[in-house]
Amino acid sequence: MYYERIIDQYLREWASRSTHKPVLLRGARQVGKSTAVIHLGEQFKYFVEINLEKQPEYKTLFQSNLDVKRIVPQMAAMCGTPIIPGETLLFIDEIQECQEAIMALRFFKEDMPDMHVVAAGSLLEFVLDDIPTFGVGRIHSMYMYPMTFDEFLLACNERLLLEARNNASPASPLPTPLHEKLTTLLRTFMLVGGMPESVAKWVETHDFLQCQEVQDDIITGYEADFPKYKKKVDPQLLRMTMRSAAQQATKKFMYSQVPGNYRTAEVKKALDLLIKANIIIPVTHTKSNGLPLGDGRDDNIRKMLVLDTGLMLRLLNMSMGNITEMTTHILTATATDLVNKGPMAEMMAGLELIHYHTPNLQYELFYWNRQARNATAEVDYILPQDTYILPFEVKAGVQGGMKSLWDFMRERKLSQAIRCSLENFGQFDYTDDKADSSVRHVSIFPLYAINSLITNH
């Protein structure tokens, strides 16, 4: 059974154009790239899927030259299916196995602009680094991630609940029963995660242990790829760095905490490779003096997120031992404890912020951190909003418990902020007596409504 994905609408829109660049679908393994393209293929008269890992004989088509007008008819002859512009979707999967195939993509735009071509692969960033001319302006990249909470709700047949949530806002909260139901489903999603195979297993069985087996298999698959990353990086170091990133999630990443007595430069290289593989997602410190946020970035001060909450829990189980107490906490803790204690809520908020933005760009996450003696302060995420910046705090505390946020808003002379928690939708004004009685307006968005936040802002 196919579960709806946000990227479907973007792929359909691309397919409807009269002329189009070939699409390169990028993302970590097992996030659903191939399945989404196969689903798109259902709207075409013909669908041709070439997997360069399973069918290496197709690589020879690209080796003599990159003339796509020669390659396409030969490919059609080999697979026995017509490849006709406007009628066929040509899908080249695991394209990272053949650099020449990646280089040939640019010529579809120039020589066969009516042809619908989608390519996908894993570890693409490593291969692209080694290609002198990637075809900038002739190839369109789309980025794909694990399933969002909204996609999880659709998979669980909760469309009406999703529609009710979409109609709520800080000025119009949800009825308490609906808020509580969404909160319960969100707790489940934290454990199941958004890897499509795990979600499918949950829909089929409602068994967390079977979902964990799927997640363990995915992590094993990631680790099986480690020797492919770069021959100079120790696969064991990559494993240790991945586990350490899970343990340090939402904290400033400390290279010295990676076990094994590795040098900082070695750990940094391993971490950069995991980021390129889209397994680890950085949140970078920015001075937050204005837009663009990247102008004030400091790549030496970063927090790390694991691409999926379910996978992070399995990584913690592998590195820390039994985490039954943590999973029980996720399912039963009060809203305040779940949000304020541990990294899960903050990490989930960050992942959701990325996943709901357009797949046509790779969205970056930023945060603000001040490390001064006796004056530590941090705002979880800093978002660009029109012509100003918007501080975003993941917190279930009361107004007086957000000192870092008030300090930040006071210093930057900001009047708007977001609090994300397991509270219902809401809003309040805070009179800042330390800044000429300035009024700070805070909108409260539940953790299950990050998409509503992005849509409304």
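Every chain begins its residue count from 1, and numbering advances along the sequence as written. Whole-chain, interface and lining totals are the exception, using all residues; otherwise, since this is a predicted model, local features are given only for residues with pLDDT of at least 70 and side-chain atom pairs are given and counted only at 80 or more. Think of the side-chain values as coming from all heavy atoms in the structure, minus any hydrogens and water.

Draft legend 1. View of the sheet that holds strand β2 (residues 46-51). Across the sheet, which stays open at both edges, the five strands sit in the order β2-β3-β4-β1-β5 with parallel pairing between neighbours. The two strands at the open ends of the sheet, each matched to only one other strand, are β2 and β5 (140-143). Averaged over all pairs of adjacent strands, the angle between their axes in this sheet comes to 20°, without regard to strand direction. Criterion used throughout: strands pair if DSSP finds at least two bridges between them. In this description a helix means any DSSP run of H or I spanning at least four residues, a strand means any run of E spanning at least two, and both kinds are numbered starting from the N terminus. Examined bridge by bridge, β2 and strand β3 (residues 88-93) share six bridges and lie parallel to one another. Interaxial angle, 0 to 180 degrees, is taken between N-to-C directions of lines fitted to C-alpha atoms, where a helix line uses only the stretch in contact.

Draft legend 2. The arrangement of the pattern of salt bridges in detail. The working definition used for a salt bridge is a side-chain nitrogen of Lys or Arg within 4 Å of a carboxyl oxygen of Asp or Glu. Taken as a whole, this structure holds 30 salt bridges when the rule is applied. The partner of Glu-4 in a salt bridge is Arg-159, with the nearest N and O atoms 2.4 Å apart. One end of the pair, Glu-4, is in the segment before α1 (7-16); the other, Arg-159, is in helix α7 (residues 159-166), with 155 residues separating them in the sequence. Throughout this description, buried means an accessible area under 20% of the type-specific maximum (1.4 Å probe, protein chains only), exposed means over 50%, and partly exposed covers the range between. The partly exposed category is assigned to Glu-4, whose relative accessible area is 39%. The residue Glu-53 makes a salt bridge to Lys-228 at a minimum N-O spacing of 3.9 Å.

Draft legend 3. Representation of the side chain of Thr-148 within the structure. Summarising the element assignment, Thr-148 is placed in the loop between β5 and α6 (149-155). Two residues qualify as a contact provided that any one of their heavy atoms is within 4.5 Å of a heavy atom in the partner residue. Setting aside its immediate chain neighbours within four residues, Thr-148 contacts Ile-6, Phe-189, Glu-352, His-355 and Tyr-356.

Draft legend 4. Fine view of the packing of aromatic side chains. Planes of paired rings set the category: under 30 degrees apart is stacked, over 60 is edge-to-face and the rest tilted, where pairs are Phe, Tyr or Trp rings (Trp by its six-membered ring) whose centres lie within 6.5 Å. One pass over the full model with this rule turns up 11 aromatic pairs. Relative to Phe-408, the ring of Trp-368 lies with its centre 4.9 Å away and its plane at 50°, an arrangement referred to as tilted. One end of the pair, Trp-368, is in strand β8 (residues 365-370); the other, Phe-408, is in helix α17 (residues 403-412), with 40 residues separating them in the sequence. Each member of the pair, Trp-368 together with Phe-408, is buried. When the ring of Tyr-381 is compared with that of Phe-392, the centres are 5.9 Å apart and the planes differ by 65°; the resulting orientation is edge-to-face.

Draft legend 5. Spotlight on empty space enclosed by the protein. Computed over the protein atoms alone on a 1 Å grid, cavities are sets of points where a 1.4 Å probe fits but cannot get out and pockets are open sets with protein on both sides within 12 Å along at least five of seven lines; a residue lines them when it has an atom within 4 Å of a point. Grid points are joined across faces, edges and corners, and a volume is the space filled by probe spheres set on the points. Under the defined criterion, the tally for this structure stands at four cavities of 30 Å³ or more. Here the largest cavity defines a volume of roughly 150 Å³. Surrounding the largest cavity, 16 residues form its lining, Ile-6, Tyr-143, Met-144, Tyr-145 and His-355 being those nearest its centre. Here the lining of the largest cavity is built from residues that sort into 10 nonpolar, four polar and two charged. Taken as a whole, the second largest cavity holds about 70 Å³ of empty space. In this structure, the second largest cavity is lined by Pro-146, Met-147, Phe-189, Gly-193, Gly-194, Leu-307, Asp-308, Thr-309, Met-348, Leu-351, Glu-352 and His-355. Polar here means any residue outside two lists: the nonpolar Ala, Val, Leu, Ile, Met, Phe, Trp, Tyr, Cys and Pro, and the charged Asp, Glu, Lys and Arg; Gly therefore counts as polar.

Draft legend 6. Molecular detail of helix α8 (residues 176-192). Over its 17 residues, α8 extends 24 Å from the first C-alpha to the last, a length consistent with the 24 Å expected when each residue adds 1.5 Å. Those residues of α8 lying buried are His-179, Leu-182, Thr-183, Leu-185, Leu-186, Arg-187, Thr-188, Phe-189, Met-190, Leu-191 and Val-192. Within two residues after α8, Gly-193 carries a phi angle of roughly 75°, on the positive side. By definition here, a helix of n residues has an expected span of 1.5 Å times n minus one.

Draft legend 7. Local environment of helix α13 (residues 309-320). The end-to-end C-alpha separation of α13 is 16 Å, in line with the 16 Å expected for 12 residues at 1.5 Å each. Burial in α13 covers these residues: Thr-309, Gly-310, Leu-311, Met-312, Leu-313, Arg-314, Leu-315 and Leu-316. Tucked into the core, α13 has its buried residues touching α8, α10 (208-229), α11 (235-247), β7 (297-306), α14 (324-332) and α16 (344-355). By the N-cap criterion, in which a side-chain oxygen at the helix start approaches the backbone nitrogen of a residue two or three places on, α13 is capped by Asp-308, the distance to Gly-310 being 3.1 Å. For this analysis, a polar contact is any N or O atom pair within 3.5 Å, provided that within protein one partner can donate a hydrogen and the other can accept it, and provided that sequence-adjacent residues contribute only side-chain to side-chain pairs.

Draft legend 8. Molecular detail of the packing of α11 against helix α12 (residues 264-276). Two elements in contact, α11 and α12, have axes whose closest approach is 9 Å; the angle formed by their N-to-C orientations is 75°. Taken together, the axes of α11 and α12 lie roughly perpendicular to each other. Residue-level contacts link Leu-237, Leu-238, Thr-241 and Met-242 of α11 to Glu-266, Val-267, Ala-270, Leu-271, Leu-273 and Leu-274 of α12. Throughout, the term roughly parallel applies to angles under 35 degrees, roughly antiparallel to angles over 145, roughly perpendicular to angles from 65 to 115, and oblique to all others.

Draft legend 9. Highlighting the environment of His-206. Mapping His-206 onto the fold places it in the loop between α9 (196-205) and α10. Using a relative accessible area of 52% as the deciding quantity, one classes His-206 as exposed. Linking His-206 and Thr-284, residues 78 residues apart in sequence, is a C-alpha distance of 36 Å.

Draft legend 10. Up close: the pairing of β8. Burial analysis of β8 places five of its six residues in the buried class, the great majority of the element. Direction of pairing for strand β6 (residues 280-286) relative to β8: parallel, over a ladder of three bridges. Its bridge partner lying in β8, Thr-284 is registered against Phe-366. The pairing of β8 with strand β9 (residues 377-379) spans three bridges and is antiparallel.

Draft legend 11. Representation of the sheet that holds β6 within the structure. Overall, mixed pairing links the four strands, which are arranged β7-β6-β8-β9 in an open sheet. Both outer strands of the open sheet, β7 and β9, are each paired with one neighbouring strand and no more. In this sheet, adjacent strand axes meet at a mean angle of 35° when their direction is disregarded. Lying over the sheet, α16 contacts β6, β7, β8 and β9, oriented at roughly 105° with respect to β7.

Draft legend 12. Local environment of the packing of α13 against α16. As a packed pair, α13 and α16 sit with axes 10 Å apart at the nearest point and diverge in direction by 140°. With respect to α16, the axis of α13 lies oblique. Relative to α16, α13 is oriented so that their crossing is right-handed. Where α13 abuts α16, its residues Thr-309, Met-312 and Leu-313 lie against Met-344, Met-347, Met-348 and Leu-351. Residue classes in the contact of α13 with α16 are distributed as six nonpolar, one polar and no charged. Handedness of a helix crossing follows the sense of rotation of the near helix relative to the far helix, less than a right angle counterclockwise being left-handed and clockwise being right-handed.

Read these as geometric descriptors, not functional statements.
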